[in-house]
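Residues per chain, in single letters:
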Amino acid sequence: MKQSKLWAWVVFGLGAAYFIVPLLATFEFSLKMRRGYYSFDSYASVFSDPAFQATFLYSAVVGLLAIVVGILVVVPAVYFVRLRLPRLRPLMEFTTLLPLIIPAIVLVYGYIRLYNSSSIIPFTGSALGTDFLLTCAYVTLALPYMYRAVDTGMRAIDIKTLTEAAQIMGADTLRIIATVILPNILIAVLSGAFLTFAIVIGEFTIASLLNRPAFGPYLQTVGANRAYEPSALAIISFVITWGAMGMIQLLARFAPRTSARTD
C-alpha cells in the first residue's frame, strides 16, 4: 500500500515538473533583461507599451461582447430544448461540438467568403462590421464551453416546476428566463463566461486574418521582434488564463448541490 502511494506521488511529481519547470524557466528568463541582475524591466516595458494597452483593451471589450452575445443565444436555446424539445438535445450537443472539430482558419475563411465587401452582407467592408464578425466568431469558438456550462447548470434545477410556478404568477417566457432561470444558473453562466474570456484573450488566427488589433496578434508580433518581452507576455497570459480557471473553481464551490436531472 505504501509502495503504491509512493509511486503515485512520483508520477504526480513528474507530471507537475513537466508543466512547472518550463514555466519557471520562462519566468526566470523574463527577469534577465538587465544584464547581470534580476529585474522586472521586461514587465515594465510590456505594461508601458501603448500597443499592449490598446490590444488588451480591445480584446477585453470584444471578449465581454462575446460573453453577452453567447449568454443571450445559449441560455434561451438550452432552456427551450430542455423544457419543450428534449429530442433535440443530441443534435444540440453535436452542433456545439463542431467548433472543436472545424479548425479556426477554416471558420474565418468561411466568414470572409460569406461576408466580404462584395457579398450581400458586407461585414468586412468596415471596421465596425469586422468587429461584429470577430465577436460572432468568438461566440462560435466558445460555444462548446458555454453550452456545456449552461446545460450543467440547467440540470441542477427543476426548470419545469420553476416555469410552471412563474406562469401561474403571470410571468411571460422572457421574464421567466431573465428573473427565474438565469439567477438559478448564474454560477454556471459565469463559468462559461470566464472560459470565453480566456479563449478570446489568447486567440490569434481569426483576429489576425480579419486584421483586427487584438491581443493575440500583438503577442505574435512581440515574440518575433523582441527577446525578453515575449517571456514576460507568456507569464502574463498564463496568469490571466489560470486566473480565469481559478475563478471557475471558486465559483464551483457555490454551485447548487442538488441532484442532476436528465429529463
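In what follows, the structure referred to is the one given above.
Residues numbered from 1 in each chain as written. Predicted model: local features only at pLDDT ≥ 70, side-chain atom pairs only at ≥ 80, totals over all residues. Heavy atoms only, no water.

1. Looking at the nonpolar core
Here's step 1: Counting residues in hydrophobic clusters, the biggest one holds 34 residues, and the most contacted among them are Val75, Tyr79, Val150, Met154, Ile181, Ile185 and Leu233.
Here's step 2: Looking at this core, the elements that each hand over two or more residues are α2 (41–48), α3 (50–83), α6 (127–155), α7 (159–168), α8 (173–184), α9 (186–202), α11 (215–225) and α12 (229–252).
Here's step 3: Sort the elements by how many residues they give to this core and α3 lands first, with 8 residues.
Here's step 4: Residues within four places of isoleucine 181 in sequence aside, it is in contact with Tyr79, Met154, Ile159, Thr163 and Ile176.
Here's step 5: In terms of nonpolar packing, the next biggest core, distinct from the first, is built from 17 residues, Leu133, Ala137, Val139 and Ala207 among them. (Core = buried A, V, L, I, M, F, W, Y, C linked by side-chain atoms within 4.5 Å. Buried < 20%, exposed > 50% of the residue type's maximum accessible area, 1.4 Å probe, protein only. Helix = DSSP H or I, 4+ residues; strand = E, 2+ residues; numbered from the N terminus. Contact = heavy atoms within 4.5 Å.)

2. Topic: the environment of proline 103
Here's step 1: Mapping proline 103 onto the fold places it in the loop between α4 (89–101) and α5 (104–114).
Here's step 2: Assessed through its relative accessible area of 44%, proline 103 is described here as partly exposed.
Here's step 3: Linking proline 103 and valine 11, residues 92 residues apart in sequence, is a C-alpha distance of 33 Å.

3. Examining the pattern of salt bridges
Here's step 1: In total, this model carries 7 salt bridges according to the counting rule given.
Here's step 2: Across the salt bridge formed by aspartate 151 and arginine 89, the nearest N and O atoms sit 4.0 Å from each other. Of this pair, aspartate 151 sits in helix α6 while arginine 89 sits in helix α4, and the two are 62 residues apart along the sequence.
Here's step 3: Of the residues examined, arginine 89 reaches a relative accessible area of 14% and is grouped as buried.
Here's step 4: A relative accessible area of 4% means that aspartate 151 is categorised as buried. (Salt bridge = Lys/Arg side-chain N within 4 Å of Asp/Glu carboxyl O.)

4. Things to note about the packing of α6 against α9
Here's step 1: Interhelical geometry of α6 versus α9 gives an angle of 160° and a closest axis separation of 8 Å. In terms of orientation, α6 and α9 fall into the roughly antiparallel class. Here the hand of the crossing between α6 and α9 comes out right-handed. Listed contacts from α9 to Tyr138, Leu141, Ala142, Tyr145, Met146, Ala149, Val150 and Gly153 of α6 are Ala188, Val189, Gly192, Ala193, Leu195, Thr196, Ile199 and Val200.
Here's step 2: Looking at the contact of α6 with α9 residue by residue, the class counts come to 13 nonpolar, 3 polar and no charged. (Axes fitted to C-alpha atoms, helices over the stretch in contact; angles between N-to-C directions. Parallel < 35°, antiparallel > 145°, perpendicular 65-115°, else oblique. Left-handed = near helix turned anticlockwise from the far one by under 90°. Nonpolar A, V, L, I, M, F, W, Y, C, P; charged D, E, K, R; others polar.)

5. Re the packing of aromatic side chains
Here's step 1: The final tally for this structure, using the stated rule, is 16 aromatic pairs.
Here's step 2: On the basis of an interplanar angle of 55° and a centroid distance of 6.4 Å, the ring pair of phenylalanine 27 and tyrosine 43 is categorised as tilted. Residue phenylalanine 27 is located in helix α1 (residues 2–30), and its partner tyrosine 43 is located in helix α2; the two are separated by 16 residues in the primary sequence.
Here's step 3: Relative accessible area serves as the criterion here: at 31%, phenylalanine 27 is assigned to the partly exposed category. (Phe/Tyr/Trp six-rings, centres within 6.5 Å; stacked < 30°, edge-to-face > 60°.)

Nothing here speaks to function; it is all geometry.
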